[in-house]
Amino acid sequence: MTATHNEMANAIRFLSVDAVQAAKSGHPGMPMGMADVATVLFTKFMKFDPQETKWADRDRFVLSAGHGSMLMYSLLYLSGVDDITMDDLRNFRQMGSKTAGHPEYGHIDGIETTTGPLGQGIATAVGMALAEKMQATRYGDDISNHNTYTIAGDGCLMEGISQEAISMAGHLKLSKLIVMWDDNEICIDGNTNLTLIDDQCARFEASGWDTQEIDGHDPAAIEAAIEKARKSDKPSMIACKTTIGYGAPTKAGTHDTHGAPLGDEEIKGMREGLGWHSAPFEVPENVLGAWRAAMARNSTEREAWQGRLDALDATTKAEFIRTDAGDLPAGWEAKLNDFKKKMAEEVPKLATRQASGKVLEVLTEAIPEMIGGSADLTGSVNTKTSSTPSLLNTDFSGRYIHYGVREHAMSAVMNGLSLHGGFIPYAGTFAMFANYMMGGIRLSALMGKRVIYVLTHDSIGLGEDGPTHQPVETLAMLRSMPNFNTMRPCDVVETAECWEIALKSSKTPTGMILTRQGLVHQRTGHSDENLSAKGAYVLHDAEGGERKVTILATGSEVEIAASAREMLQADGIPTAVVSMPCWELFDAQSDAYRKSVLGDGTVKVGVEAAVRFGWDKYVGPDGGFVGMNSFGASAPATELYKHFGITAENVVAEAKARL
């Protein structure tokens, strides 16, 4: 069946406006304006098989301007993805529907990433394009040779994360990354001249990109621009001059189409003006057939790719399939357990950032898909190992990414690496700068991706750098995040256990919260069991009778708790110390286990060099707490602990006051 370009693009427009109208909510303007660009991209270029949406060598499409989600849903339906039906479009933005207000990863096959927070999509796309380049270096162009396309709006480019992402992509020369900017000069408040005068093409060019400017409603110009971009040796940005709400008789080109239904009369006039005579949620047979035929061409290419994969030697093919599926290799757990045993014997006094570095030496050698990095803090966060040479823009065989001082983009790029498949990303910065990464961290959790954030210098224990760098509130912020494991180990053995948990948590991201200062080793007896896997456990039990006091602590304060226990025991008060490396895992245990650890009926005191927020769940509102109730200060760490009263003596006093 045949259909004109205009008919195929109008199918997107009318599915979008009808769905938004039915929902009485949504953003019709962007899908209406970018329908021509999307139609050319998908029908002429996208290497995407609707019947095999997880094909490893498919092109990736990221709708960075996620508010225009009906563009995404229309494209997937028209392309023939079985996972989305016309009923799903009718139920746009309704309870339980797959077609959420913004595209959500995992809801519908073909959605590569969750978008909506502006700027996240373009930065995540950088990670996907980087993953393609890394995978091609490892397996060859016959196995990994695909493009990453993203549609970005003015808001995406206003967000600061976009500059971090643009700069990084330009530096790495990610030539298979193509950004199509919806240059419609409209934002929610009105014309973009209210807020900026940026020359976006000059901005991209300054970071090493190729740019083009085209009429976003001219299919021939769109096709020529994409073809040219695909041949560039740089990342490309195509500025697509469009009319937001294209086709709306009175609202086209205005902010009125951005985030509200058009209204029945406007849609009626739009149908007349564009010659679309089908009822809402109906696509003419010839138009739907043309869409399906255009996308069906990719099945032949996928089958050819499968043949090339099958032609690889058995070991290489198995490694590609394993890493792409996210499965861990055999033997790594035994190596990590041997390391744990050795550390229990050596009892080293280490900062947990150093402990993490030692663990990573073991893990990165055993798990070749682990890709490290840091935000220009490699020597401080201990994330680079002898197995992770630097990734360079001239050599993508490296396993260590120098993100530069770009924490926000770092989080999104790691999401992109994880979403693409084939790699397990981890990277480090100071814990305080988790605040800079929260947009990306939140999406890691929302999407359920195995991304590991190494967050060091985790308290006043970092010392002289002072309160600007001392994250007294950050633990509470991270712990409040659903589907995020906040790990704060107390020594090298717990650090190894926390890394094991992080790697096995294939659908949960992890924050490794690590100290700058050295800590007294606590785990002196080896156990093959991962004690940290339950989130909390009795590290030192009460002696000399029934437990009277339970001291709960995390990370660097476990040694303070242990010292306080010795003092209380010397006074004849049976006291236990509970190490709580991960609250989230502890909360998931049975009531019986939690009661046995917390010591039902005992006096409870929490100790942590952070604010009390969240601790009452364990110690109770009348329980004791030794920690922070203000920002920190600049001084040596030992003096700060004394100044703020985080001492064994104060833990003892808190306990005795409640006996």
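Whatever comes next refers back to the structure up there.
Residues numbered from 1 in each chain as written. Predicted model: local features only at pLDDT ≥ 70, side-chain atom pairs only at ≥ 80, totals over all residues. Heavy atoms only, no water.

## A short note on the overall build of the protein chain
Then, number 1: Regarding its fold elements, the protein chain presents 26 helices and 18 strands.
Then, number 2: Here the C-alpha radius of gyration of the protein chain, 28 Å, is about what a compact globule of 659 residues would show, namely 26 Å.
Then, number 3: By principal-axis analysis of the C-alpha atoms, the protein chain measures approximately 90 × 55 × 45 Å.
Then, number 4: Residues classed as buried in the protein chain amount to 61% of the 659 residues present.
Then, number 5: Restricting the contact set of the protein chain to residue pairs at least 6 apart, pairs at least 24 apart contribute 78%.
Then, number 6: Total accessible area computed for the protein chain in this model is approximately 23,900 Å², and 49% of it derives from carbon and sulfur atoms. (Helix = DSSP H or I, 4+ residues; strand = E, 2+ residues; numbered from the N terminus. Rg over C-alpha atoms; globule rule 2.2 N^0.38 Å. Buried < 20%, exposed > 50% of the residue type's maximum accessible area, 1.4 Å probe, protein only. Contact = heavy atoms within 4.5 Å. Areas by Shrake-Rupley, 256 points an atom, 1.4 Å probe, with all protein chains shown as cover.)

## Concerning the nonpolar core
In summary, soluble globular proteins display a tendency toward joint burial of nonpolar side chains.
Then, number 1: Formed by 64 residues in total, the largest nonpolar core has its most connected members in Phe61 and Met180.
Then, number 2: Excluding anything up to four places from it in sequence, Met180 contacts Met34, Val37, Leu41, Tyr149, Thr150, Ile151, Ala152, Ile226, Ile238 and Cys240.
Then, number 3: Core analysis: the next-biggest nonpolar cluster, separate from the first, contains 60 residues, Leu130, Ala131, Ile161 and Ala409 among them. (Core = buried A, V, L, I, M, F, W, Y, C linked by side-chain atoms within 4.5 Å.)

## Topic: the pairing of strand E6 (residues 210-215)
Then, number 1: As judged from the six bridges shared by E6 and strand E7 (residues 236-241), these two strands associate in the parallel manner. Its bridge partner lying in E7, Asp215 is registered against Lys241.
Then, number 2: A crossover connection joins E6 to the parallel E7 through helix H9 (residues 219-230); in handedness this β-α-β unit is right-handed. (Pairing = 2+ DSSP bridges. Right-handed = clockwise from strand over helix to strand, strands pointing away.)

## Looking at unusual backbone geometry
Then, number 1: For Glu185, which is not a glycine, the phi torsion comes out positive at approximately 65°.
Then, number 2: Structurally, the position occupied by Glu185 is in the loop between strand E3 (177-183) and strand E4 (186-187).

## Side note on the layout of surface pockets
Space left empty within the atom packing is revealed by a probe, the size of a water molecule, rolled over the atoms.
Then, number 1: The volume enclosed by the largest pocket comes to roughly 750 Å³.
Then, number 2: What lines the largest pocket is a set of 32 residues, among which Tyr105, Asp324, Ser418, Leu419 and Lys449 lie closest to the centre.
Then, number 3: Taken together, the elements giving at least two residues each to the lining of the largest pocket come down to helix H13 (314-325) and helix H17 (407-420). (1 Å grid on protein atoms, 1.4 Å probe; cavity = no way out; pocket = protein on both sides within 12 Å on 5 of 7 lines; lining within 4 Å. Points joined across faces, edges and corners; volume = space filled by probe spheres on them.)

## As for helix H14 (residues 332-346)
Then, number 1: Helix length check: H14 (15 residues) gives 21 Å between terminal C-alpha atoms against 21 Å at 1.5 Å per residue, within 8%.
Then, number 2: Taken as a whole, H14 has its buried residues at Trp332, Leu336, Asn337, Phe339, Lys340, Met343 and Ala344. Within H14, the buried residues cover an arc of 160° as seen down the axis, which keeps them to one side. Set apart from the buried face of H14 by more than 90 degrees, the exposed residues are Asp338 and Glu345.
Then, number 3: Packed against the buried residues of H14 are helix H15 (352-366) and helix H20 (492-504).
Then, number 4: Where H14 ends, the next residue or the one after it, Val347, has phi of about 40°, a positive value. (Expected span 1.5 Å × (residues − 1). Arc of directions from axis to C-beta.)

## Observations regarding the sheet that holds E3
Then, number 1: Taken together, the five strands give an open sheet; going across it, the order is E1-E2-E3-E7-E6, and neighbouring strands pair in parallel fashion. Pairing within the sheet leaves two strands with one partner each, and these edge strands are strand E1 (60-63) and E6. Here the average twist between neighbouring strands, direction ignored, is 15°. (Axes fitted to C-alpha atoms, helices over the stretch in contact; angles between N-to-C directions.)

## A closer look at the packing of H17 against helix H18 (residues 434-447)
Then, number 1: Contact geometry for H17 and H18: axes closest at 6 Å, N-to-C directions at 20°. The angle between the axes of H17 and H18 places the two elements in the roughly parallel class. Contact residues: Glu407, His408, Met410, Ser411, Asn415 and Leu419 in H17; Tyr436, Met437, Gly439, Gly440, Ile441, Leu443, Ser444 and Met447 in H18.
Then, number 2: Residue composition of the contact of H17 with H18, by class: seven nonpolar, six polar and one charged. (Parallel < 35°, antiparallel > 145°, perpendicular 65-115°, else oblique. Nonpolar A, V, L, I, M, F, W, Y, C, P; charged D, E, K, R; others polar.)

## Some thoughts on the pairing of strand E8 (residues 370-374)
Then, number 1: With respect to burial, E8 is a largely interior element, five of its five residues being buried.
Then, number 2: Side chains Met370, Gly372 and Ser374 of E8 all project onto a buried face; the interleaved residues Ile371 and Gly373 project onto the opposite face, where all are buried too.
Then, number 3: Note that E8 and strand E10 (residues 424-430) share three bridges and pair parallel. Looking across to E10, one finds that Met370 is bridged to Ile424.
Then, number 4: Examined bridge by bridge, E8 and strand E9 (residues 400-402) share three bridges and lie parallel to one another. Residue Gly372 lies in a different strand from E9, and its bridge partner there is Tyr400.

## Examining the sheet that holds strand E13 (residues 510-513)
Within a sheet, each strand pairs with its neighbour through backbone hydrogen bonds, oriented either parallel or antiparallel.
Then, number 1: Sheet architecture is open: six strands sit in the order E9-E8-E10-E11-E13-E12, paired in parallel fashion. Lying at the two open borders of the sheet, with one neighbouring strand each, are E9 and strand E12 (485-487). Averaged over all pairs of adjacent strands, the angle between their axes in this sheet comes to 20°, without regard to strand direction.
Then, number 2: In terms of strand pairing, E12 meets E13 through three bridges, oriented parallel. Counted as the bridge partner of Asn485 is Thr510 from E13.

## Describing the side chain of Thr385
Then, number 1: Here Thr385 is to be found in the loop between helix H16 (378-381) and E9.
Then, number 2: Given a relative accessible area of 6%, Thr385 falls into the buried group.
Then, number 3: Here the side chain of Thr385 touches Thr364 through a polar contact of 2.8 Å, side chain to side chain.
Then, number 4: When neighbours within four sequence positions are excluded, Thr385 is seen to be in contact with Leu360, Glu361, Thr364 and Tyr426. (Polar contact = N/O pair within 3.5 Å; in protein donor to acceptor, adjacent residues only side chain to side chain.)

## Considerations on the environment of Leu503
Then, number 1: Here Leu503 shows up in helix H20.
Then, number 2: Through-space distance from the C-alpha of Leu503 to that of Gly33 is 43 Å; in sequence the pair is 470 residues apart.
Then, number 3: Here Leu503 is in contact with Leu328, Trp332, Leu363, Ile367, Met370, Ile424, Arg450 and Ile452, once residues within four sequence places are set aside.

## Re the packing of aromatic side chains
Then, number 1: Tallied over the full model, the rule gives 17 aromatic pairs.
Then, number 2: Ring centres of Tyr139 and Phe320 lie 5.1 Å apart, and the angle between their planes is 85°; this geometry places the pair in the edge-to-face category. Remark: Phe320 occurs in helix H13 and Tyr139 occurs in helix H5 (residues 120-139); sequence separation between them is 181 residues.
Then, number 3: An angle of 50° between the planes, with centres 6.0 Å apart, marks the rings of Phe586 and Tyr618 as tilted. Of this pair, Phe586 sits in helix H22 (residues 583-587) while Tyr618 sits in helix H24 (residues 616-619), and the two are 32 residues apart along the sequence.
Then, number 4: According to the relative accessible area criterion, Phe586 is buried, its value standing at 0%.
Then, number 5: Each member of the aromatic cluster is reached from another via a ring pair, and the members are Trp583, Phe586, Tyr593, Trp615, Tyr618 and Phe625. (Phe/Tyr/Trp six-rings, centres within 6.5 Å; stacked < 30°, edge-to-face > 60°.)

So yeah, pure geometry; function would need other evidence.
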